[in-house]
Amino acid sequence: MTFENLSSNKSFGGWHKQYRHRSDVLNCDMRFAIYLPPQAADGQRVPVLYWLSGLTCTDENFMQKAAAQQIAARLGMALVAPDTSPRGEAVADDEGYDLGQGAGFYVNASRDPWSRHYHMYDYVLDELPALVEEMFPVNDKRSISGHSMGGHGALVLALRNPRRFHSVSAFSPIANPVDSTWGRKAFTAYLGEDTAGWEAYDASLLMRSFANEAQVPALVDQGQADNFLSEQLKPEALQMAALVRNYPLQLRRHDGYDHSYFFIASFIGEHLQFHARHLGLQAPAPGSWS
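J.: What's the story with the packing of aromatic side chains in this structure? I'm lost.
T.: Describing an aromatic ring pair means giving the distance of the ring centres and the angle of the ring planes. One pass over the full model with this rule turns up 20 aromatic pairs. Relative to Tyr-19, the ring of Phe-3 lies with its centre 4.7 Å away and its plane at 15 degrees, an arrangement referred to as stacked. Separated by 16 residues along the polypeptide, Phe-3 in strand 1 (residues 3-11) and Tyr-19 in strand 2 (residues 14-23) bring together distant segments of the chain. Taking the relative accessible area as the measure of exposure, Tyr-19 reaches 8% and is therefore buried. Judged by centre distance (5.3 Å) and plane angle (85 degrees), the ring pair of Trp-114 and Tyr-118 falls under edge-to-face. When sorted by exposure, Trp-114 lands in the same class as Tyr-118, which is buried. Among the aromatic side chains, those forming a connected cluster through ring pairs are Trp-51, Phe-62, Phe-171, Tyr-257, Phe-263 and Phe-267. In this arrangement the basic side chain of Arg-160 is found over the ring face of Tyr-201, its NZ or CZ atom lying 5.0 Å from the centre.

J.: Explain the pattern of salt bridges here, please?
T.: Side-chain pairs of opposite charge can arise whenever the charged atoms involved come near each other. The final tally for this structure, using the stated rule, is 12 salt bridges. For Asp-126, the salt bridge goes to Arg-164, with nearest N and O atoms at 3.2 Å. Taken together, the residues span a long stretch of sequence, with Asp-126 in helix 4 (residues 120-135) and Arg-164 in the loop between helix 5 (149-160) and strand 7 (168-171) at a distance of 38 residues. Judged by its relative accessible area of 37%, Asp-126 falls in the partly exposed class. Judged by its relative accessible area of 25%, Arg-164 falls in the partly exposed class.

J.: Help me understand a nonpolar patch on the surface, please; the structure alone is not making it clear to me.
T.: Together, Met-240, Leu-243 and Val-244 give the surface a local cluster of nonpolar side chains, amounting to about 300 Å² of exposed area. Within the secondary structure layout, Val-244 lies in helix 9 (residues 235-245).

J.: Just checking my understanding: could you explain the nonpolar core for this structure?
T.: One finds Phe-32, Phe-105, Val-132, Ile-144, Tyr-190, Tyr-247 and Leu-249 to be the most contacted residues of the largest nonpolar core, which totals 70 residues. Here the element with the most residues in this core is helix 4; it accounts for 8 residues. With near-sequence residues (within four places) excluded, Phe-105 lies in contact with Leu-55, Asp-98, Met-149, His-152, Ile-174, Trp-182, Gly-183, Ala-186, Phe-187 and Tyr-190. Counting residues in hydrophobic clusters, the runner-up holds 23 residues, among them Tyr-35, Ala-72, Met-77 and Ile-264.

J.: Would you mind going over helix 6 (residues 181-191) with me for this structure?
T.: An α-helix turns once per 3.6 residues; consequently, residues spaced three or four apart project the same way. Within the span of helix 6, buried status applies to Trp-182, Gly-183, Ala-186, Phe-187, Ala-189, Tyr-190 and Leu-191. Mapping the buried residues of helix 6 onto a view down its axis gives an arc of 165 degrees, with all of them on the same face. Considering only its buried residues, helix 6 is in contact with helix 5 and helix 8 (229-233). Phi for Gly-192, located one or two positions after helix 6, is positive at around 100 degrees.

J.: Would you mind going over the packing of helix 4 against helix 5 with me for this structure?
T.: The relative placement of two packed helices is expressed as an angle between their axes plus a distance between the axes. Running from N to C, helix 4 and helix 5 cross one another at 60 degrees; their axes reach a closest spacing of 11 Å. With respect to each other, helix 4 and helix 5 are oriented oblique. Every pair of crossing elements has a handedness; the one defined by helix 4 and helix 5 is right-handed. Residues Tyr-121, Val-124 and Leu-125 of helix 4 pack against Val-156, Leu-157 and Arg-160 of helix 5. Per-class residue counts for the contact of helix 4 with helix 5 are 5 nonpolar, no polar and 1 charged.

J.: Looking at this structure, how should I read the pairing of strand 6 (residues 138-147)?
T.: When a strand is regular, its side chains alternate between the sheet's two faces. Summarising burial for strand 6: 7 of the 10 residues are buried, a large majority. For strand 4 (residues 46-52) and strand 6, the ladder comprises 6 bridges, and the chain directions are parallel. Bridge pairing in strand 6 places Val-46 opposite Val-138. As judged from the 4 bridges shared by strand 6 and strand 7, these two strands associate in the parallel manner. Among the inter-strand pairings, His-147 is bridged to a residue of strand 7, identified as Phe-171. Remark: the strand 6/helix 5/strand 7 crossover connection has right-handed handedness.

Conventions and cut-offs
- Residues numbered from 1 in each chain as written.
- Predicted model: local features only at pLDDT ≥ 70, side-chain atom pairs only at ≥ 80, totals over all residues.
- Heavy atoms only, no water.
- Phe/Tyr/Trp six-rings, centres within 6.5 Å; stacked < 30°, edge-to-face > 60°.
- Helix = DSSP H or I, 4+ residues; strand = E, 2+ residues; numbered from the N terminus.
- Buried < 20%, exposed > 50% of the residue type's maximum accessible area, 1.4 Å probe, protein only.
- Lys NZ or Arg CZ within 6 Å of the ring centre and 35° of its normal.
- Salt bridge = Lys/Arg side-chain N within 4 Å of Asp/Glu carboxyl O.
- Patch = residues over 30% accessible without salt bridge, like charges linked within 9 Å, V, L, I, M, F, W, Y side chains within 5 Å.
- Areas by Shrake-Rupley, 256 points an atom, 1.4 Å probe, with all protein chains shown as cover.
- Core = buried A, V, L, I, M, F, W, Y, C linked by side-chain atoms within 4.5 Å.
- Contact = heavy atoms within 4.5 Å.
- Arc of directions from axis to C-beta.
- Axes fitted to C-alpha atoms, helices over the stretch in contact; angles between N-to-C directions.
- Parallel < 35°, antiparallel > 145°, perpendicular 65-115°, else oblique.
- Left-handed = near helix turned anticlockwise from the far one by under 90°.
- Nonpolar A, V, L, I, M, F, W, Y, C, P; charged D, E, K, R; others polar.
- Pairing = 2+ DSSP bridges.
- Right-handed = clockwise from strand over helix to strand, strands pointing away.

As structure tokens, then:
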């Protein structure tokens, strides 16, 4: 297996590292980033928060803009950020920003030409965690979070696999993609025109029909000044689904905040604390970094 360290940077006593590896699931080389807190260097195996980014993003957006490392260092939590799609000259693409490379939508594509590479659901659920748990000092306690398209992916993965994740959170998720132009375009291309097959990748529909006793606690933050709020994100559909099923969802709305990483950075600390409680981590103590 190809496994190459591309960069290493010390940060708040831990290490941010970027890797490239060969993915059998996606049939191409993939890149991901990991932040290992200082506790991991002291012999502890730490839990992992997986972060799924949004349209046009890579692994770098969250790691460079979210200001999460200091909090993760004090909590003793690793952060893993995969890319948002398969990439490469042989990988199918589209001229639009909302389909193809950079827009994998965390589904398993079943239609050509996408089905050769676009299996981000299986990659995030199985292949990447298996690799991370083999190669790094982490344990098998996992939580998942994401933004926009990545928020959609995080919610879908947690709802469909409630025993794999201890908690889930999202910023500005595409909560009801079957009723959004982004979702309809991507699902038609990747999954086909039979809309019944789309329901397995719609968080609001999954939550509304949820029958599993193992409910994953969920936290969702939505900015009220988000340009995509009414047409693409549909948080009201998720909120209604939670009410119907009595699902443990906390949906918070924030006046003045938009769709950007300024919004994410403003509340990422509360999200990490939320995940820490469900991962069994203790409250962080103040400290200095050497």
